[in-house]
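# A closer look at the structure
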Amino acid sequence: MAGPPPLRGIKVLEFAGLAPGPFAGMLLADAGASILRIDRAQPGGSHQFGSAALPTEDMLARHKASIAVDLKAPRGVALIKRLVAAADVLIDPFRPGVLEKLGLGPDVLCAVNPRLIYGRMTGFRRDGRYAAMAGHDINYLAVSGALGLLGRDGEKPHPPWNILADFAGGGAVLFQGVLLAVVARQASGRGQVVEANMVDGSSYLASFPRMALKTSLGDRGRGNNLLDGGCPWYDTYETADGKYMAIGALEPQFFAVLVKGLGLAGQGWEENRGDTARWPAFRRLLETTFRGKTRAEWEAEFDGTDACCTPVLEYAELERQTGREGDQRPAVTLRETPCLAVKRGAALVDAAQYGQGGGVEGDGYEGLPLAPGAGGEGVLRDWAGWQSGREYEVKAGGLVLKDGEASKL
């Protein structure tokens, strides 16, 4: 029988934001932490009986609850300070200095709760030349050097959605930093400030290709190397039905299986594949060959082989088809203390593999809207035993500390 999720009992205050901060919070929530998102108050909506606040744009809200707080009101700020005493982790997604101006910076809050892990997420480095500038994923990738690696020869650098900076180099790295601080706290008894930025995170992810620039593996310029689209047997090819196959037959034995399945064995490609002068001709041959059959026909040819030739699947088909690897699971399998399930009903099959619990609406293919104030007052009871009208009250759609309680700070 599965034990509790690994972060059960960890209490996290997440200031509302978009992309990297909420992603770090979702990773913590999926691992069992209790996440309380702090949203802006919506007068006449949030925390108002008989009214409904509009959900925010954040789609990464599964397993979370919310309270709405007016951070411009002194008693709203006082409520956060008092609540921090019951928290383990705080996630700050704002540009440098925003929470400090509100009196909620790390010096203040870590003095309130010395065990607090204060996680800070920025795009640019806090001490760099771009620190005061606005930016997005593409900008952080650009100044990190990682964007300069991405794209075809002769074409402009091309960003891959906002996966690398916002999520991999940002939210996931902050998540890692928080976990490291949790481990360190077990020995020291103290929390600490965890600072992550998307420039350093993206550059760290690019460690291998950055080092390869100084070797024969990556010194031929963008789009001309073995792993960046220059090599014809590490690329994607269109099929007869307008879909694509991906090949990555790097090792000689895998390459031999590939050319045999393509009907190209015995033409000298096995012996001369390292001759870069022949790469353009081989690429043209692969393009013509793959267009000769549908993707399904090529799948039938290569399934179960070591050709390193697989279909390029899209999420729309993964969502609706069985027999594919499209069922959303926790990012890692923990056999004794699984994370929470994403796909509904999956825990009944194998809780360790698929996660425990009931899953979520949309099975991970749809974002779960969370309205400011939704479920948050119940979390306040669980965390600190707070009750409305006793420790806090509602003012203009936001929670504020009661006058009497605020005077005790």
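Residues numbered from 1 in each chain as written. Predicted model: local features only at pLDDT ≥ 70, side-chain atom pairs only at ≥ 80, totals over all residues. Heavy atoms only, no water.

Scanning the chain for helices and strands turns up 16 helices and 11 strands. Out of the 409 residues in the chain, the part that is buried amounts to 44%. Pairs at least 24 apart in sequence give 65% of the contacts found in the chain among residues at least 6 apart. Just so you have it, the chain exposes about 20,800 Å², and 54% of that area is on carbon and sulfur atoms. For the chain, the distance from the average site of its 45 positive side-chain charges to the average site of its 48 negative ones is 6 Å. (Helix = DSSP H or I, 4+ residues; strand = E, 2+ residues; numbered from the N terminus. Buried < 20%, exposed > 50% of the residue type's maximum accessible area, 1.4 Å probe, protein only. Contact = heavy atoms within 4.5 Å. Areas by Shrake-Rupley, 256 points an atom, 1.4 Å probe, with all protein chains shown as cover. Lys, Arg positive; Asp, Glu negative; His and termini not counted. Charge placed at Lys NZ, Arg CZ, Asp CG, Glu CD.)

What follows is about the packing of aromatic side chains. Applying the stated criterion across every chain, the model contains 14 aromatic pairs. Plain terms: the ring middles of Phe124 and Tyr130 are 5.3 Å apart, the flat faces sit at 35° to each other, and that makes the pair tilted. Looking at Phe124, the relative accessible area reads 7%, which means it is buried. Each ring, one from Tyr237 and one from Phe290, has its centre 5.4 Å from the other, and the planes form 10°; the classification is stacked. One end of the pair, Tyr237, is in strand 7 (residues 234-238); the other, Phe290, is in helix 11 (residues 279-290), with 53 residues separating them in the sequence. (Phe/Tyr/Trp six-rings, centres within 6.5 Å; stacked < 30°, edge-to-face > 60°.)

Let us now look at the sheet that holds strand 8 (residues 244-248). Judged by pairing direction, the sheet is antiparallel, and its 3 strands sit side by side in the order 7-8-9 without closing on themselves. Edge positions in the sheet fall to strand 7 and strand 9 (309-311), since each of these pairs with one other strand and no more. Put simply, the sheet's adjacent strands are angled 25° from each other on average, direction ignored. For strand 8 and strand 9, the ladder comprises 3 bridges, and the chain directions are antiparallel. Counted as the bridge partner of Met245 is Pro311 from strand 9. Against the sheet, helix 11 contacts strand 7, strand 8 and strand 9, and its axis sits at roughly 40° relative to strand 7. (Pairing = 2+ DSSP bridges. Axes fitted to C-alpha atoms, helices over the stretch in contact; angles between N-to-C directions.)

Time to look at the nonpolar core. By size, the foremost hydrophobic cluster in this structure holds 34 residues, and its most contacted members are Val12, Leu28 and Leu174. When residues of this core are traced back to their parent elements, those giving at least two are helix 1 (20-30), strand 4 (89-92), strand 5 (117-122), helix 5 (137-144), helix 6 (163-188), strand 6 (193-197) and helix 7 (198-205). With residues near it in sequence (within four places) discarded, Leu174 still touches Ala24, Ile91, Gly119, Arg120, Met121, Val194 and Ala196. Counting 29 residues, the second-largest nonpolar core is a separate cluster that includes Leu36, Leu90, Leu99 and Tyr118. (Core = buried A, V, L, I, M, F, W, Y, C linked by side-chain atoms within 4.5 Å.)

Structurally, Asp137 can be placed in helix 5. Despite its burial, Asp137 pairs with no opposite charge; the closest candidate is Lys156, at 15 Å N-O. Setting aside residues no more than four positions away along its own chain, Asp137 makes contact with Trp161, Asn162, Ile163, Leu164, Ala165 and Asp166. (Salt bridge = Lys/Arg side-chain N within 4 Å of Asp/Glu carboxyl O.)

What follows deals with the pairing of strand 7. Looking at chain direction, strand 7 and strand 8 are connected through 5 bridges and run antiparallel. Of the residues in strand 8, the one forming a bridge with Asp235 is Ile247.

As a further point, take the pattern of salt bridges. Tallied over the entire structure, the rule returns 22 salt bridges. Across the pair Asp200 and Arg125 runs a salt bridge whose closest N-O atoms are separated by 2.7 Å. Highlighted residues: Asp200 in helix 7 and Arg125 in the loop between strand 5 and helix 5, separated in sequence by 75 residues. In this structure, a network of salt bridges that share partners links the residues Asp92, Glu100, Arg120, Arg126 and Glu195.

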